[in-house]
Amino acid sequence: MVEWLQSVSQCLPEDWEERVAEAVIPAEEREDLGRRERELKARIERATRLHLEGHISYERFAEEKHRAQAGLADLRPARMEATIAAKEAVEDIAHRWEAMERVKQNELLRKAIAEAQVEGSKLTAVRPTLPLYPLVGIFCRSGADGS
């Protein structure tokens, strides 16, 4: 299972987050999130410009920037947060497995694998957890039928 999870970690493209968002977040919601993100970034740029031109104090600038950054952090939908956490678990497994304590190894496997089928000493099927499924389902194809 560890080898399978390491292969999952290696098959993810750099733009995986955007591609998963396209697959799991409805287009209308993505458009709204994009509009809100642009508004908040424009707010930071405006506060920066006003501060540099001497129209607002540094304290006011820092307050505006902090509010906008907090708003940006709140934009990511919960379903993406769970997928990001699952991806981080897979990366931990892929890069630090040998150095982990057994308890941590088991915890990470539970975050990534819902069910696994083994015949003899061969892993024959894996059902990822729901948060990991978008990553595996979109990017990591295997098996005779590509599923």
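Everything numeric in this text was worked out from a predicted model, so none of it was measured. (Residues numbered from 1 in each chain as written. Predicted model: local features only at pLDDT ≥ 70, side-chain atom pairs only at ≥ 80, totals over all residues. Heavy atoms only, no water.)

> How should I be thinking about the overall build of the protein in this particular structure?
Counting its regular elements, the protein contains seven helices and two strands. Helices and strands in the protein line up, N terminus first, as α-α-α-α-α-α-β-β-α. Its C-alpha radius of gyration of 21 Å places the protein more than 25% over the 15 Å reference for a compact globule of 147 residues. Put simply, the protein has 147 residues, and 33% of those count as buried. Long-range contacts, defined as pairs at least 24 residues apart, comprise 63% of the intrachain contacts of the protein with a sequence gap of at least 6. Between the mean site of the 23 positive side-chain charges and the mean site of the 28 negative ones, the protein shows a separation of 2 Å. (Helix = DSSP H or I, 4+ residues; strand = E, 2+ residues; numbered from the N terminus. Rg over C-alpha atoms; globule rule 2.2 N^0.38 Å. Buried < 20%, exposed > 50% of the residue type's maximum accessible area, 1.4 Å probe, protein only. Contact = heavy atoms within 4.5 Å. Lys, Arg positive; Asp, Glu negative; His and termini not counted. Charge placed at Lys NZ, Arg CZ, Asp CG, Glu CD.)

> Would you mind going over the nonpolar core with me for this structure?
Here is a general trend for soluble globular proteins: nonpolar side chains tend to be buried in one another's company. Leu 5, Trp 16, Ile 93, Leu 132 and Leu 135 are the most contacted members of the largest nonpolar core, which has 25 residues in total. For this core, the secondary structure elements donating two or more residues are helix H1 (2-10), helix H2 (16-24), helix H5 (78-96), helix H6 (102-112) and helix H7 (133-139). By residue number, the principal contributor to this core is H5, which donates six residues. Residues within four places of Leu 5 in sequence aside, it is in contact with Val 90, Ile 93, Leu 109, Ala 112, Ile 113 and Leu 132. (Core = buried A, V, L, I, M, F, W, Y, C linked by side-chain atoms within 4.5 Å.)

> What's the story with the packing of helix H3 (residues 27-52) against helix H4 (residues 58-73) in this structure? I'm lost.
Two numbers describe a pair of packed helices, the interaxial angle and the distance between the axes. One can describe the packing of H3 onto H4 by two numbers: an axis separation of 9 Å at closest approach and a directional angle of 170°. One finds that H3 runs roughly antiparallel with respect to H4. Touching Glu 37, Leu 40, Lys 41, Arg 43, Ile 44, Ala 47, Thr 48 and His 51 of H3 are Tyr 58, Phe 61, Glu 64, Lys 65, Arg 67, Ala 68, Gln 69, Gly 71 and Leu 72, all from H4. (Axes fitted to C-alpha atoms, helices over the stretch in contact; angles between N-to-C directions. Parallel < 35°, antiparallel > 145°, perpendicular 65-115°, else oblique.)

> Help me understand the side chain of Ser 9, please; the structure alone is not making it clear to me.
Turning to its location among the elements, Ser 9 is positioned in helix H1. Discounting residues that sit within four places of it in the chain, Ser 9 has contacts with Val 90, Glu 91, Ala 94 and His 95.

> In this structure, what is going on with the pattern of salt bridges? I would like to understand it.
A pair can form between side chains of opposite charge whenever their charged atoms are brought close. Within the structure shown, the criterion is met by 15 salt bridges. The salt bridge involving Arg 35 is made with Glu 39; its shortest N-O contact spans 2.7 Å. A residue pair is termed a helical-turn pair when its members lie 3 or 4 positions apart in one helix, as Arg 35 and Glu 39 do in helix H3 at four residues. With a closest N to O distance of 2.2 Å, Glu 63 and Arg 67 form a salt bridge. With a gap of four residues between them, Glu 63 and Arg 67 both fall in helix H4, about one helical turn apart. In this structure Arg 67 comes out as partly exposed when scored by relative accessible area, which is 41%. Salt bridges here are not isolated pairs; linked through shared partners, they connect Arg 43, Arg 60, Glu 63, Glu 64 and Arg 67. (Salt bridge = Lys/Arg side-chain N within 4 Å of Asp/Glu carboxyl O.)

> Help me understand H2, please; the structure alone is not making it clear to me.
Owing to its 3.6 residues per turn, the α-helix aligns residues three or four sequence positions apart on the same side. Of all the positions in H2, only Trp 16, Val 20 and Ala 21 are classed as buried. One face of H2 carries all of its buried residues, which in axial projection span an arc of 130°. (Arc of directions from axis to C-beta.)

> It is not clear to me how the pairing of strand S2 (residues 122-128) should be interpreted in this structure. Could you clarify?
It is a general feature of regular strands that their side chains alternate between the two faces of the sheet. Where strand S1 (residues 113-119) lies against S2, six bridges are found, and the strand directions are antiparallel. Residue Gln 117 lies in a different strand from S2, and its bridge partner there is Ala 125. Here S1 hands over to S2 after two residues, with Gly 120 in that stretch at a positive phi of 70°. (Pairing = 2+ DSSP bridges.)

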